[in-house]
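# Residue-level structural notes
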Amino acid sequence: MAQTGAVIFLPREDGQISRMLEDLLFDPAALWLSQALESAGVERFFVVCHGEDRSKAQTCFPDGTKFVTNDSGDAVEQLTGFLQELEGKALVITRPVVLSWEGARTLAEGGDTGLAGSQECGIFRAEGASLAQALSEGAGLEEALRDKADKIGGRSNWYQSYGPFRSGTQGRMEAEQMARQFGAERLLDQGVRLMDASSCYVGPQVQVGSGTVLLPGTILRGETFIGKGCEIGPYSMIRDCVIGDKVTVNQSQLNESTVETEAKIGPFAYIRPDCHVGAGVKVGDFVELKNSIIGAGTKISHLTYVGDSDVGQKVNFGCGTVTVNYDGSTKFRTTIGDNAFIGCNTNLVAPVKVGDGAYTAAGSTITNDVPPDSLAIARSMQMVKKQWAAKRRKGRR
C-alpha cells in the first residue's frame, strides 16, 4: 500500500503563536488534527512552523515528524525530498482548520469529496511525486498546489467534516464546538453511548471501549484509556488514566492513575496521581487517594484519606480514617496487609504497618506496627462522671 503523508503549515498572524497551537477544549488544535490524520492512516508528517513555536509543535505530532522552521534556508529542498519519498498521496494543509476523523479518512483514502474549493478551505490532496516535480522545476507551492491538487472541499457532506479555525472570539467558539462534536462522533462510531453528546468533552487522544456509557458532564482528557462496559459520570473528569472494563465513576475526578476491572468510584471521590486501584475496589464518597496502591476487593466507603500507602486485598476502611503521611518536611508510607479491618476515625501515623487480618479499634491513633491478626487499641480510657452535667447547669442558675 502506498504511503500517505501530510504537510502541515502552522502560520503565525500578527506575530502571535499559530492558532493551531492554541487549545481547543484541553488540547492544541494541531494535536486534534494530527490524531485525526493518524487514525486515517497517515504515516509521515512534515510540519512548517515559526522557530519559536517548534517546541510546542513537537508535542502535537508523532515521533519521526520532520520539522522545518521559517528561518530554514533549505525549506523547499527538504519539502521536495519529503514528497519524493512518499510514493503515494500527500495531504497539504495551509490554513488553521479543524478536521473530523471521518473527514481525515475521506482525504487519506482518496475519496471523492465533491465540489471544487480546496483553495478556500486550505486543504489539498495530490500525488507526492507530482508536487515534488513541480517544486523542483521552480514552481512555488501555491502554483504547484493549484496545478496538481485534486478537487476537494465545497458544500457537500465534506463541508460538515472540516471547519476553518478563524481568528477572534467567534472563531474560537466555533472551533471548540466543532472539536467537541468531532470527539463525540468518533466515540459514537466506536460503539460508545453518550447520553448527551452536547455536554461531554472528549480529547483527541482518548480511547473508550464499546458498550461504555458517558453520562452528561463527562470530561475525558489527555492520554486516557477506558475499557468496555463502563459507566462514567455524571460530572466526572478523568485525565491521563487507564480504566479497566465495567468500572463505574460517579461525579468524581481521577488523574494519572490506573483503575482495574469492576471498581466503583464515587460519588465525590478524588484520585490524585500515581494511584493503582485494584479490581472490585470501592472508593466511595469524599474519599481521597494519593500515590497509593489499593488491593483488589478493598472497601474505602466514605470520608477517608489514603496517601502514600500500600494497601492489601479485601481491607475494610471505616469512616474517617486518615493515613498521616507528612510531618512537614518528609512523606512516609503506610502498609496495610490483606483482610485488615481499620476502625472508624483511625489515624495511621506513618511510617507504620498493619499486618494481615489485624484490626484497629475505632478512634485509635496508631503509631506502632500492628502484628497480623491482632487488635490495636490506642485511645484514652472512657471516664463517666455521673450527674456532672446536672450540677453544672444548677451552678449556672
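Each remark here, short or long, concerns the structure printed above.
Description of the structure in this document. (Residues numbered from 1 in each chain as written. Predicted model: local features only at pLDDT ≥ 70, side-chain atom pairs only at ≥ 80, totals over all residues. Heavy atoms only, no water.)

An α-helical turn contains 3.6 residues, so a residue and the one three or four places further along point in the same direction. Its 22 residues place the ends of helix H8 (residues 168-189) 32 Å apart at the C-alpha level, agreeing with the 32 Å of an ideal helix rising 1.5 Å per residue. Buried within H8 we find Gly 171, Ala 175, Ala 179, Arg 180, Phe 182, Gly 183, Ala 184, Arg 186 and Leu 187. A positive phi of about 90° marks Gly 191, the residue just after H8. (Helix = DSSP H or I, 4+ residues; strand = E, 2+ residues; numbered from the N terminus. Expected span 1.5 Å × (residues − 1). Buried < 20%, exposed > 50% of the residue type's maximum accessible area, 1.4 Å probe, protein only.)

Scanning all chains against the criterion turns up six aromatic pairs. Measuring from centroid to centroid gives 5.3 Å for Phe 268 and Phe 286, while their planes differ by 25°, and the two rings are stacked. Taken together, the positions of Phe 268 in the loop between strand S22 (264-265) and strand S23 (270-271) and Phe 286 in strand S25 (residues 282-290) put the pair 18 residues apart, joining distant regions of the chain. Ring pairs connect the aromatic residues Phe 45, Phe 61 and Phe 67, which therefore count as one cluster. In this structure, Arg 19 packs its charged tip against the face of Phe 165, placed 5.8 Å from the ring centre. Positioned above the aromatic ring of Trp 101, the side-chain terminus of Arg 186 is 4.8 Å from the ring centre. (Phe/Tyr/Trp six-rings, centres within 6.5 Å; stacked < 30°, edge-to-face > 60°. Lys NZ or Arg CZ within 6 Å of the ring centre and 35° of its normal.)

This next bit is on the environment of Ala 104. Note that Ala 104 resides in helix H4 (residues 101-108). Residue classification places Ala 104 among the buried residues on the basis of a relative accessible area of 0%. Separated by 64 residues in the primary sequence, Ala 104 and Ala 40 place their C-alpha atoms 5.8 Å from one another. Excluding residues that lie within four positions of it along the chain, Ala 104 makes contacts with Ala 36, Leu 37, Ala 40 and Leu 99. (Contact = heavy atoms within 4.5 Å.)

Our next topic: the sheet that holds strand S4 (residues 44-49). If you trace the five strands from one edge of the open sheet to the other, you get S5-S4-S1-S6-S8, paired in mixed fashion. Each end of this open sheet is capped by a strand with a single partner; those strands are strand S5 (66-69) and strand S8 (123-127). In this sheet, adjacent strand axes meet at a mean angle of 15° when their direction is disregarded. Strands strand S6 (89-93) and S8 of the sheet are contacted by helix H6 (residues 128-136), whose axis makes an angle of about 95° with S8. (Pairing = 2+ DSSP bridges. Axes fitted to C-alpha atoms, helices over the stretch in contact; angles between N-to-C directions.)

Now for the pairing of S8. Burial within S8 is extensive, with four of its five residues counted as buried. Sheet topology places S6 next to S8; five bridges connect them, and they run antiparallel. Residue pairing for S8: Val 92 is matched across the bridge by Phe 124.

The sheet built from nine strands is open, its strands ordered S12-S15-S18-S21-S24-S26-S28-S31-S34 with parallel pairing. Strands at the two margins of the open sheet, each flanked by one partner only, are strand S12 (207-208) and strand S34 (352-354). Sheet topology places strand S15 (residues 225-226) next to strand S18 (residues 242-243); two bridges connect them, and they run parallel. Paired with Phe 225 across the strands is Val 242, a residue of S18.

Moving on: H6. Of the residues making up H6, those classed as buried are Gly 128, Leu 131, Ala 132, Ala 134 and Leu 135. Taken around the axis of H6, the buried residues stretch over an arc of 165°, which confines them to a single face. Facing away from the buried surface of H6 by more than 90 degrees, the exposed residues are Ala 129 and Ser 136. Packing partners of the buried residues in H6 comprise helix H3 (75-84), S6, S8 and helix H7 (141-148). Positive phi appears at Gly 138, one or two residues downstream of H6, with a value of about 100°. (Arc of directions from axis to C-beta.)

Moving on, we get to unusual backbone geometry. For the bond running from Gly 233 to Pro 234, omega is 5°, close enough to zero to count as cis. Examined against the element boundaries, Pro 234 turns out to sit in the loop between strand S16 (231-232) and strand S17 (237-239). A cis amide bond links Ala 350 to the next residue, Pro 351, at an omega of 0°. Here Pro 351 lies in the loop between strand S33 (347-349) and S34. One non-glycine residue with positive phi stands out, namely Asp 240, at about 55°. One can find Asp 240 in the loop between S17 and S18.

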